[in-house]
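# Results of the structural survey
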Amino acid sequence: MRHTSGHGFILSVLLNLVLNIEWAVLAGILFGLHYWVGLPIYFGFIVLGGWFLFAVGITIFLSWAGSCAEAPRPEPQNKNPYSVGNRIPENKNPYSVGNGSAEK
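Val 13, Leu 17, Trp 51, Ala 55 and Val 56 together form the largest nonpolar core, which totals five residues. Contributing elements (two or more residues each) for this core: α1 (8-19) and α3 (42-67). Tallying contributions element by element places α3 first for this core, with three residues. With near-sequence residues (within four places) excluded, Trp 51 lies in contact with Leu 17, Asn 20, Ile 21, Trp 23 and Ala 24.

This part takes up the packing of aromatic side chains. For the coordinates displayed, the defined rule picks out five aromatic pairs. With a centroid separation of 5.2 Å and an interplanar angle of 70°, the aromatic rings of Phe 31 and Phe 45 are classed as edge-to-face. In this pair, Phe 31 is assigned in helix α2 (residues 22-36) and Phe 45 in helix α3, connecting sequence segments 14 residues apart. When the centroid spacing of 6.2 Å and the interplanar angle of 70° are considered together, the rings of Tyr 35 and Trp 36 count as edge-to-face. Taken as a pair, Tyr 35 and Trp 36 share a single burial class, namely exposed.

On to the environment of Leu 26, then. Residue placement: Leu 26 occurs in helix α2. A relative accessible area of 43% means that Leu 26 is categorised as partly exposed. A C-alpha to C-alpha distance of 8.7 Å links Leu 26 and Leu 48, two positions 22 residues apart in sequence.

One way to put it is that α2 packs onto α3 with a least axis distance of 8 Å and a crossing angle of 170°. With respect to α3, the element α2 is oriented roughly antiparallel. In this structure, α2 contributes Trp 23, Ala 24, Leu 26, Ala 27, Leu 30 and Phe 31 to the contact, and α3 contributes Phe 43, Gly 44, Phe 45, Val 47, Leu 48, Gly 50, Trp 51 and Phe 54. A breakdown of the residues in the contact of α2 with α3 according to their chemical character gives 12 nonpolar, two polar and no charged.

Take the packing of α1 against α3 next. Between α1 and α3, the least distance of the axes is 9 Å, while the angle of their chain directions is 130°. In terms of their interaxial angle, α1 and α3 are classed as oblique. Here α1 runs over α3; the crossing is right-handed. Contacts from Phe 9, Ser 12, Val 13, Asn 16 and Leu 17 of α1 reach α3 at Trp 51, Phe 52, Ala 55, Val 56, Ile 58, Thr 59, Ile 60 and Ser 63. Grouping the amino acids of the contact of α1 with α3 by side-chain chemistry returns nine nonpolar, four polar and no charged.

Criteria and cut-off values
- Residues numbered from 1 in each chain as written.
- Predicted model: local features only at pLDDT ≥ 70, side-chain atom pairs only at ≥ 80, totals over all residues.
- Heavy atoms only, no water.
- Core = buried A, V, L, I, M, F, W, Y, C linked by side-chain atoms within 4.5 Å.
- Buried < 20%, exposed > 50% of the residue type's maximum accessible area, 1.4 Å probe, protein only.
- Helix = DSSP H or I, 4+ residues; strand = E, 2+ residues; numbered from the N terminus.
- Contact = heavy atoms within 4.5 Å.
- Phe/Tyr/Trp six-rings, centres within 6.5 Å; stacked < 30°, edge-to-face > 60°.
- Axes fitted to C-alpha atoms, helices over the stretch in contact; angles between N-to-C directions.
- Parallel < 35°, antiparallel > 145°, perpendicular 65-115°, else oblique.
- Nonpolar A, V, L, I, M, F, W, Y, C, P; charged D, E, K, R; others polar.
- Left-handed = near helix turned anticlockwise from the far one by under 90°.

Limitation: the analysis is restricted to geometry and does not speak to function.
So this is what it looks like as structure tokens:
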């Protein structure tokens, strides 16, 4: 299982914030409307808070999903007849000259 050295979560949140930058653009537009038209400023802060909470939530979910273990797989059977694990012992080989079966 992979483990980070401790700063992976913060970097992931920052990367997620950069990738979802359109939320900041919307908040900037709402702050501009507050300045020009008099729209309440809390709309901009709601969007900024939602942007941050969305980024943290997605990062927490992806961290959890990455830490989930896969189901254990059975060891595949070695089908190579020439590998060390599949060698026939000399005393069991009926075609071997030195096993004693041809001397009878």
